[in-house]
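Coordinate analysis (summary)
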Amino acid sequence: MRNYDLTPLYRSAIGFDRLAQLAEHAASNKSNTGYPPYNIELLSENRYRITMAVAGFSMDELDITSDGDKLVVKGTKAAQETERKYLYQGIAERGFERTFELADYVTVIGADLENGLLNVDLKREIPEALKPRKIEISRSKLLDN
């Protein structure tokens, strides 16, 4: 595994420290193993959907938490009352925790579970003050003299 040192970026870029931290986090994040599989879908310019395959999990066994720029989805399997004897076990019955980094102004607007798929809907709402705006050009007051 390669390790990247982003220290020079901190010295030469002003205001991009959050971007560098995201890159470091992505490079060092070993907890996301690929289970459960998921899709990230672009629904419109400012709407997204994360769909996770959580077959075998009930609504009571799933927990979704949004804290600042992090979205955490946890699945905790309840203990089996009776032990099963499998000839082949291809369906994973283990718990998971998957963390997603959310961009600025992205919020969770809802979640639903249907047919073993957990859908988490997200929306980006940029404050009016940060949206591009047209600046009127006026005549210079020096030319009016």
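Higher on the page you've got the structure.
Report on the accompanying structure. Just so we're clear, the structure is a prediction, and the values are computed from it rather than from any experiment. (Residues numbered from 1 in each chain as written. Predicted model: local features only at pLDDT ≥ 70, side-chain atom pairs only at ≥ 80, totals over all residues. Heavy atoms only, no water.)

Overview of the packing of aromatic side chains
- Enumeration according to the criterion identifies three aromatic pairs in this entry.
- Taken together, a centroid distance of 6.1 Å and an interplanar angle of 90 degrees make the contact between Tyr-35 and Phe-96 edge-to-face. Placement of the pair is Tyr-35 in the loop between helix H2 (17–28) and strand S1 (38–44) and Phe-96 in strand S5 (residues 96–101), with a sequence separation of 61 residues. There is no split in this pair, since Tyr-35 and Phe-96 are both buried.
- Residues Phe-57 and Phe-96 carry aromatic rings whose centres are separated by 5.3 Å and whose planes lie at 85 degrees to one another, so their mutual orientation is edge-to-face. Taken as a pair, Phe-57 in the loop between strand S2 (47–53) and strand S3 (62–67) and Phe-96 in strand S5 lie far apart in primary sequence, 39 residues in all.
- By relative accessible area, Phe-57 is classed as buried at 7%.
- Chaining the aromatic ring pairs together yields one cluster made of Tyr-35, Phe-57 and Phe-96.
- Taking the ring centre of Phe-57 as reference, the NZ or CZ of Lys-77 above it sits at 5.1 Å. (Phe/Tyr/Trp six-rings, centres within 6.5 Å; stacked < 30°, edge-to-face > 60°. Helix = DSSP H or I, 4+ residues; strand = E, 2+ residues; numbered from the N terminus. Buried < 20%, exposed > 50% of the residue type's maximum accessible area, 1.4 Å probe, protein only. Lys NZ or Arg CZ within 6 Å of the ring centre and 35° of its normal.)

Considering the pattern of salt bridges
- For the coordinates displayed, the defined rule picks out five salt bridges.
- Where Lys-74 meets Glu-97, a salt bridge forms, and the shortest distance between an N and an O atom there is 4.0 Å. With Lys-74 in strand S4 (residues 70–75) and Glu-97 in strand S5, the pair connects residues that are 23 residues apart, well separated along the chain.
- Classification of Lys-74 by relative accessible area gives partly exposed; the value is 35%.
- One salt bridge in this structure joins Glu-125 and Lys-123, with 3.9 Å as the shortest N-O distance.
- The partly exposed category is assigned to Lys-123, whose relative accessible area is 31%. (Salt bridge = Lys/Arg side-chain N within 4 Å of Asp/Glu carboxyl O.)

Some thoughts on the sheet that holds S4
- Read from one edge to the other, the open sheet built from three strands follows the order S3-S4-S5, with strand pairing classed as antiparallel. If you trace the sheet from one side to the other, it starts and ends with S3 and S5, each paired once. Across the sheet, the mean angle from the axis of one strand to that of its neighbour is 15 degrees, orientation sign disregarded.
- Where S3 meets S4, six bridges bridge the pair, whose relative direction is antiparallel. Of the residues in S4, the one forming a bridge with Ser-66 is Leu-71. (Pairing = 2+ DSSP bridges. Axes fitted to C-alpha atoms, helices over the stretch in contact; angles between N-to-C directions.)

So, a nonpolar patch on the surface
- Judged by side-chain polarity, Tyr-105, Ile-126 and Leu-130 come together as a nonpolar surface patch covering roughly 280 Å² of accessible area.
- Mapped onto the elements of the fold, Leu-130 is located in the segment after strand S7 (117–124). (Patch = residues over 30% accessible without salt bridge, like charges linked within 9 Å, V, L, I, M, F, W, Y side chains within 5 Å. Areas by Shrake-Rupley, 256 points an atom, 1.4 Å probe, with all protein chains shown as cover.)

Some thoughts on the sheet that holds S7
- In space, the four strands of this open sheet follow the order S1-S2-S7-S6, with antiparallel pairing throughout. Strands at the two margins of the open sheet, each flanked by one partner only, are S1 and strand S6 (106–114). Across the sheet, the axes of successive neighbouring strands diverge by a mean angle of 20 degrees, strand direction being ignored.
- When S1 meets S2, the two strands line up antiparallel, connected through six bridges. Within the sheet, the bridge partner assigned to Tyr-38 lies in S2 and is Met-52.

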